[in-house]
2 protein chains.
Amino acid sequence: MRGAYSTFYQRASNAFRDHPSLSKLVVICTISGGGLVAYSDVRPFGSVYADAAQPTIKKKKVVVLGTGWASTSFLKNLKDLSFDVQVVSPCNYFAFTPLLPSVTCGTVEARSVVEPIRNIVKKKNFNVQFKEAECFKIDTNNQKVHCKSIQNTNIGGKEEFTVDYDYLIIAMGARANTFNTPGVVEHAHFLKEVEDAQRIRRSIIDCFERASLPSVSDEERKKILHFVVVGGGPTGVEFAAELHDFLHEDLIYLYPDLEQYISITLLEAGDHILNMFDKRITAFAEEKFQRDGIKVKTGSMVVKVSDKSITLKERASGETKVLPFGMVVWSTGIGTRPVIMDFMKQIGQGNRRVMATDEWLRVDGVTNVYALGDCATINQRRVIEDIADIFGKADKNKSGKLNVEDFNEVINDIIERYPQVELHLKSKKLKNFVQLFQSDLGDAAKQATHLDIEKFKAALSEVDSKMKSLPPTAQVAAQQGEYLAQCFNRMKECDENPEGPIRFRDSGRHRFKPFRYKHLGQFAPLGGEQTAAQLPGDWVSIGHSTQWLWYSVYASKLVSWRTRCLVIGDWGRRFIFGRDSSRI
Amino acid sequence: MRGAYSTFYQRASNAFRDHPSLSKLVVICTISGGGLVAYSDVRPFGSVYADAAQPTIKKKKVVVLGTGWASTSFLKNLKDLSFDVQVVSPCNYFAFTPLLPSVTCGTVEARSVVEPIRNIVKKKNFNVQFKEAECFKIDTNNQKVHCKSIQNTNIGGKEEFTVDYDYLIIAMGARANTFNTPGVVEHAHFLKEVEDAQRIRRSIIDCFERASLPSVSDEERKKILHFVVVGGGPTGVEFAAELHDFLHEDLIYLYPDLEQYISITLLEAGDHILNMFDKRITAFAEEKFQRDGIKVKTGSMVVKVSDKSITLKERASGETKVLPFGMVVWSTGIGTRPVIMDFMKQIGQGNRRVMATDEWLRVDGVTNVYALGDCATINQRRVIEDIADIFGKADKNKSGKLNVEDFNEVINDIIERYPQVELHLKSKKLKNFVQLFQSDLGDAAKQATHLDIEKFKAALSEVDSKMKSLPPTAQVAAQQGEYLAQCFNRMKECDENPEGPIRFRDSGRHRFKPFRYKHLGQFAPLGGEQTAAQLPGDWVSIGHSTQWLWYSVYASKLVSWRTRCLVIGDWGRRFIFGRDSSRI
């Protein structure tokens, strides 16, 4: 039965089941003049369930909350067979969120950017169970999470259940931040989830259809076709650019009488859009938007959103202004989810805005609970807090002074434990730690071979100012997920042979190296087949060639060969046939 | 601007604008290892709007209600420049409805089977305007239709407007027929619109996710994974087959623990499923479903649907039975829409169940109003009603008897005016009309060269029993749309030289030939890459090869090259990667 009804993909997998050495199989099929490349990561089928049936040693229960970047990356990289993994999330799929702005306008389809989480984990050779439910309470005392189905049961209400854990991994992401602006939740679209993107797409078409009705006045038509984007960050800018392309490449041909009424406004509270990027990119983007006729309005705060207008307040003059709109998209950063807020209160983090973890992604104040991705931030330890302990560890003979030899022994541990030290060295263009002291202490001290604690403090005083929290991006979340999976994979090994830096306040070493983020660059698509990119080392690349770089990077980062084929197919379809404007 | 932002398709069109002789252009593009064939029906762009700007002679206003098979076929075939066309429909797209059962399970995507109506009409070189609105009242006295936007306005309520017409074409389709069974509207899914198919797809995944929750008992799990299909017609059967394939080809690999709980029941009130098909097909389908484990329950009527169970009454024994279900799909034929009901009352058809038109698709009782597709039925004139007039016309010399010569003059007109005559000849395997009289009147009469009215009546008495109303299929609707467009295209020409049959009750000839349906065969996909087909001449073809015939026919019938590429792409994707189970 299974053989008879299985897909080609599965049949190919089955055929190669007995040849594990052929672990990669490339099948090239030509279907009606087109070709698709399927890359099959062959694994024996059914082994998951065979494992589960065996009488096993008691496995540690890992519960993962969420199916976003962080948790999917964790699940994909987890290889240790000694865990029993339960995933709980209201989404039964992973969404490739960087393509959401493209989904809003139909440049790619919603279904092309999602992959069922069960598909991702079914290749694992250990048991991974998925439950489509929301976690509404975490009980750290009993090591339980309380979950609720997202569907109503037949008898009203929702199924509730609890899941026990030995290790809990919180990766539930964040919600959109409205800054408590009245009317935003009711009248603005967000751009966080796949459903949001689908709603925006329908809403754009709705505006055009409404503006086409004969009973609508020209003035009203202008209001209906005014699209407002709040937030000049990468998402807001990319959406505004996509929207402009959709309107001017596709919709004006289908609604030619409406071209004169269309307008897009991008609102930013700061002085410039894309202010986290290099100034060259900001300038290029602002100039391109001006050429395209996208109105960029900086320096004004949104104070209210109603069903048909948005109220602004100029930051400089304090004047208020009312802008009527047809659709408004709100993209001004992220806020903490209510369930995380409750959890924070419970664990003594109630006065924080974002949940804090240490450098090993462990939630402060509880054991065996990890948090990664947008739902938490790493509370980096300051060097200055530990300075006496560091000095004490380095000064082995307790002389009260450090010489170069003492120092060399702890240098690597310091750099590993406190990432800000490395950033400081880089920003000062110093090659090593010794140079730091020499540069800070002036020419006279360069000859000094000994350092006392005061000098030591003075040299490191500036270091902490280099600390910055990581941006809430897919890149960070994915790296954290991978990092944590590597820790779990080597848990036993590292329990015996800790590989982390010295514990300065304590004895021994940390079990793992702390998480270290490696920035690989960031894109800002600007529409019209042009993209800006800020690459590591502050390289900036802007233009059509960068768009192709964007295409290749995004295609390669997609989670499966299925989504890769679909997204590339969508790009091709858009190129040939344009975007679809059916209201479905 | 237009050049700079246009799609590749448009750019190619523009390039060939000056060479109208190159009216077909095949562009083969290879995109990242895949190829798509674009077939561009090149027309000069912008001519639509240029025309509109010219001071024109007063054009006749044609209003088309609906964007389904009938109206789209009408719009595609209308070529006369002397009309000003307005299309009003709550859907701004045409949906290729025969693929809806495939959409329910993700074999093809919803967006692959739809084409924006504006895309279809924008190639026309006369003015076609589309309004996304519902017609809620037809005022034949003032030749107006009253329409209402489907969207709420900002100030609450909906935009309303009226559209004047010279000719009104009603092609609004039908709604699902619930036979007033309580609970159907609230708890069952229909399968008429694209949105229905999308909801069913989500609902299937919902059932699987709900059944995966740990708090659900095994008994409850069985109920949740029981899928019920009501109606053993082609749609119900195809859906049941698709669902079976989806469950057994895809979902059981993602939800292996649930396989044992899955069941599908197909309910049919009659004695057999697919009873409009040949007996061989019915038998094959019933046998295949039994092998597949789809339970077919015939001879039982649904008397009630609640949120979690369906109540049946055995037709034979009168016993009632309650079946719990997780999802129920209702597909038992079509009913008349409320707005059409109101219209029927207004024009004196209030006692009918379906709106009646004559053989020229003109609505009985009103002028310049046409109805086609599922929203109307052709009220075929009986030969027996007109028998005296026919005899009178034929009997030119008023002798009270017809000889063969008299007869030959009106034969073609009779056959053309009364399609049942041809059906009768076919069923009796008679070559021509004269044979009919000879066969009916016995050997003695074969030699007779004259017929009196009584013998004439006797010979034609059986003919009317061959009348049957056309099935509510896409094929009928499309042919009616094309027929009506041809009439409109030749309206002036035929006003001068009527081409229809003699008016037997009146003088002169009918302006047009009446509509004649040409049955091209019907498919019944049965799952597992097997399809049954009943082709003209009662040919029956069943099996895998018929599935390939199905693929080719459906691919060729799709409305645009865009949808054709997308659907073929979807079939390929399903073949390689299976169907997607993300809940979006």
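Residues numbered from 1 in each chain as written. Chains lettered and ligands numbered in written order. Predicted model: local features only at pLDDT ≥ 70, side-chain atom pairs only at ≥ 80, totals over all residues.

**Quick look at the packing of helix α21 (residues 561-577) of chain A against helix α22 (residues 561-577) of chain B**
Here is step 1 of the chain: For the pair α21(A) and α22(B), interaxial distance at closest approach is 12 Å and the crossing angle is 170°. The orientation of α21(A) with respect to α22(B), classified from their angle, is roughly antiparallel. Residues A:Arg562, A:Leu566, A:Gly569, A:Arg573 and A:Phe577 of α21(A) touch α22(B), and the partners they reach there are B:Arg562, B:Leu566, B:Gly569, B:Arg573 and B:Phe577.
Here is step 2 of the chain: For the contact of α21(A) with α22(B), a count of residues per class yields four nonpolar, two polar and four charged. (Axes fitted to C-alpha atoms, helices over the stretch in contact; angles between N-to-C directions. Helix = DSSP H or I, 4+ residues; strand = E, 2+ residues; numbered from the N terminus. Parallel < 35°, antiparallel > 145°, perpendicular 65-115°, else oblique. Contact = placed C-beta atoms within 7 Å. Nonpolar A, V, L, I, M, F, W, Y, C, P; charged D, E, K, R; others polar.)

**Some words on helix α21 (residues 544-557) of chain B**
Residues and elements named next belong to chain B.
Here is step 1 of the chain: The terminal C-alpha atoms of α21 lie 20 Å apart, and with 14 residues this matches the ideal 20 Å at 1.5 Å per residue to within 8%.
Here is step 2 of the chain: Inspection of α21 places Thr546, Gln547, Trp550 and Tyr554 among the buried residues, and these make up the whole buried set. Axial view of α21: buried residues confined to an arc of 105°, hence all on one face. Turned more than 90 degrees from where α21 packs its buried face, Ser545, Trp548, Ser552 and Ser556 sit exposed.
Here is step 3 of the chain: Contact partners of the buried residues in α21: β25 (522-527), β26 (530-535) and β27 (539-543). (Expected span 1.5 Å × (residues − 1). Buried ≥ 20, exposed ≤ 12 C-beta atoms within 10 Å, placed from the backbone. Arc of directions from axis to C-beta.)

**Examining the domain arrangement of chain A**
Residue and element names in this part refer to chain A.
Here is step 1 of the chain: We note that the domain assignment places domain 1 (1-45), domain 2 (57-174 + 336-379 + 471-518), domain 3 (184-334) and domain 4 (383-466) within chain A.
Here is step 2 of the chain: When each unit is reduced to the centre of its C-alpha atoms, the spacing between domain 2 and domain 4 is 36 Å.
Here is step 3 of the chain: Each partner contributes residues to the interface: domain 2 has seven residues there, and domain 4 has nine residues.
Here is step 4 of the chain: Classifying every residue of the side of domain 2 that touches domain 4 by side-chain character gives four nonpolar, no polar and three charged. (Domains from an automatic or database assignment.)

**Considerations on the pairing of strand β13 (residues 263-268) of chain B**
Residue and element names in this part refer to chain B.
Here is step 1 of the chain: Of the pairings in the sheet, the one linking strand β12 (residues 226-230) to β13 comprises five bridges and is parallel in character. Paired with His226 across the two strands is Ser263, which belongs to β13.
Here is step 2 of the chain: Viewed along the sheet, the connection from β12 through helix α10 (residues 234-254) into β13 turns out right-handed.
Here is step 3 of the chain: Bridging between β13 and strand β14 (residues 294-298) involves five bridges; their strand directions are parallel. Its bridge partner lying in β14, Thr265 is registered against Lys295.
Here is step 4 of the chain: This β-α-β element, β13 to helix α11 (residues 279-292) to β14, shows right-handed connectivity. (Pairing = 2+ DSSP bridges. Right-handed = clockwise from strand over helix to strand, strands pointing away.)

**Description of the packing of helix α4 (residues 69-77) of chain A against helix α18 (residues 474-489) of chain A**
All names here are of chain A.
Here is step 1 of the chain: Axis separation between α4 and α18 bottoms out at 7 Å; the angle between their running directions is 35°. Remark: the crossing between α4 and α18 carries right-handed chirality. On α18, the residues touching Trp69, Ala70, Ser71, Thr72, Ser73, Phe74 and Asn77 of α4 are Ala474, Ala477, Ala478, Gln480, Gly481, Glu482, Leu484, Ala485 and Gln486.
Here is step 2 of the chain: The residue makeup of the contact of α4 with α18, split by class, is eight nonpolar, seven polar and one charged. (Left-handed = near helix turned anticlockwise from the far one by under 90°.)

**Remarks on the pairing of strand β15 (residues 300-305) of chain B**
Side-chain positions along a regular strand alternate between the two faces of the sheet.
Here is step 1 of the chain: Pairing of β15(B) with strand β16 (residues 309-314) of chain B, which is carried by five bridges, proceeds in the antiparallel orientation. If you follow B:Val302 over to β16(B), its bridge partner there is B:Leu312.

**Re the sheet that holds strand β21 (residues 369-371) of chain A**
Each strand in a sheet pairs with its neighbour through backbone hydrogen bonds, running either in the same direction (parallel) or in the opposite one (antiparallel).
Residues and elements named next belong to chain A.
Here is step 1 of the chain: An order of β9-β8-β7-β4-β3-β10-β21 is seen for the seven strands of this open sheet, with the pairing classed as mixed. Whereas interior strands pair on both sides, the edge strands pair on one side only; in this sheet they are β9 (158-164) and β21. Direction aside, neighbouring strands of the sheet carry axes that sit 35° apart on average.
Here is step 2 of the chain: In this sheet, strand β10 (residues 167-170) lies alongside strand β3 (residues 60-65) in parallel orientation, the contact comprising four bridges. Looking across to β10, one finds that Leu65 is bridged to Ile170.
Here is step 3 of the chain: Packing of α4 onto the sheet brings it into contact with β3, β4 (83-89), β7 (128-139) and β10, and relative to β3 it is tilted by some 145°.

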